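Residues per chain, in single letters:
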Amino acid sequence: MSETTLWWIAAGVIVGLELLTGTFYLLMLALGAAAAAISAQLGHPLSTQMLMAGAVGGVAALGWHLKRQRSRDQAQSEGRANPDLHLDLGQTVEVAQWSPDGRARVHYRGAEWDARYLGTPPAQPGAHRIQAVEGNTLVLAKI
């Protein structure tokens, strides 16, 4: 069998493993094997084929990882201030006292919540509107 055929078989096996495991990163490695197959078809030596497989597969996997990370970060930041996901957004709370660093404890929905002031301290006590939810912290702005 030629080197080209072996690389195409390797790409097919990697795609099959991806179908079994659901790990999308394996498809990126299959792209590397396909690049090596093309390199072999062009008559490059085995060292160049392996370099192509590693470089294309590695760059594709890294690119996919960075894309997923960026998408995850963007979804999380959008979710913090999306009223469709958080029914608390737009609700009002009463702040009795702020700490100098713009933090407070507020009573909301029958529980005590951490809150931080959205703006430049010093924050004033009184009614505030919930602008975002970050974990278990309410982000508040003066009404």
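See the structure shown above.
Note that the structure is predicted; figures quoted are calculated from it, not measured. (Residues numbered from 1 in each chain as written. Predicted model: local features only at pLDDT ≥ 70, side-chain atom pairs only at ≥ 80, totals over all residues. Heavy atoms only, no water.)

## Observations concerning the side chain of Ser 39
Link 1 in the chain: Inspection of the secondary structure puts Ser 39 in helix α2 (residues 25-41).
Link 2 in the chain: A polar atom in the side chain of Ser 39 sits 2.9 Å from the side chain of His 44. (Helix = DSSP H or I, 4+ residues; strand = E, 2+ residues; numbered from the N terminus. Polar contact = N/O pair within 3.5 Å; in protein donor to acceptor, adjacent residues only side chain to side chain.)

## Focus on helix α1 (residues 3-21)
Link 1 in the chain: For α1, which comprises 19 residues, the first-to-last C-alpha distance of 27 Å matches the rise-based estimate of 27 Å (1.5 Å per residue) to within 8%.
Link 2 in the chain: Directly beyond the C-terminal end of α1, a positive phi value near 80° is found at Gly 22. (Expected span 1.5 Å × (residues − 1).)

## A short note on the sheet that holds strand β5 (residues 137-142)
Link 1 in the chain: Read across the open sheet, the 5 strands follow the order β1-β4-β5-β3-β2; overall the sheet is mixed. Each of the sheet's edge strands pairs with one partner strand only, and the pair in question is β1 (92-95) and β2 (103-108). Pairs of neighbouring strands in the sheet enclose a mean axial angle of 50°, with direction left out of account.
Link 2 in the chain: As judged from the 4 bridges shared by β1 and strand β4 (residues 126-134), these two strands associate in the antiparallel manner. Across the sheet, residue Glu 94 finds its bridge partner in β4, namely Ala 127. (Pairing = 2+ DSSP bridges. Axes fitted to C-alpha atoms, helices over the stretch in contact; angles between N-to-C directions.)

## Quick look at the nonpolar core
Link 1 in the chain: Residues Val 95, Trp 98, Val 106, Ile 130, Leu 138 and Leu 140 are the most contacted members of the largest nonpolar core, which totals 15 residues.
Link 2 in the chain: Other than its neighbours up to four places away in sequence, Val 106 contacts Glu 94, Val 95, Ala 111, Glu 112, Trp 113, Ala 115, Leu 138 and Leu 140.
Link 3 in the chain: Counting residues in each nonpolar core, the second largest holds 9 residues, with Trp 7, Ala 36, Ala 40 and Ala 53 among its members. (Core = buried A, V, L, I, M, F, W, Y, C linked by side-chain atoms within 4.5 Å. Buried < 20%, exposed > 50% of the residue type's maximum accessible area, 1.4 Å probe, protein only. Contact = heavy atoms within 4.5 Å.)

## Quick look at the environment of Ala 132
Link 1 in the chain: Looking at the element boundaries, Ala 132 is found in strand β4.
Link 2 in the chain: Between the C-alpha atom of Ala 132 and that of Ile 38, which follows or precedes it by 94 residues, the distance is 51 Å.

## A closer look at the environment of Ser 71
Link 1 in the chain: As for its placement among the helices and strands, Ser 71 is situated in helix α3 (residues 46-80).
Link 2 in the chain: Placed 22 residues apart in sequence, Ser 71 and Val 93 show a C-alpha to C-alpha distance of 32 Å.

## Details of the pattern of salt bridges
Link 1 in the chain: Enumeration over the complete set of coordinates arrives at 3 salt bridges.
Link 2 in the chain: Of the charged contacts, one joins Asp 114 and Arg 105 as a salt bridge, the two residues approaching to 2.6 Å between their closest N and O atoms.
Link 3 in the chain: As a salt-bridge pair, Glu 134 and Arg 116 come within 3.0 Å of each other at their nearest N and O atoms. Highlighted residues: Glu 134 in strand β4 and Arg 116 in strand β3 (residues 111-117), separated in sequence by 18 residues. (Salt bridge = Lys/Arg side-chain N within 4 Å of Asp/Glu carboxyl O.)

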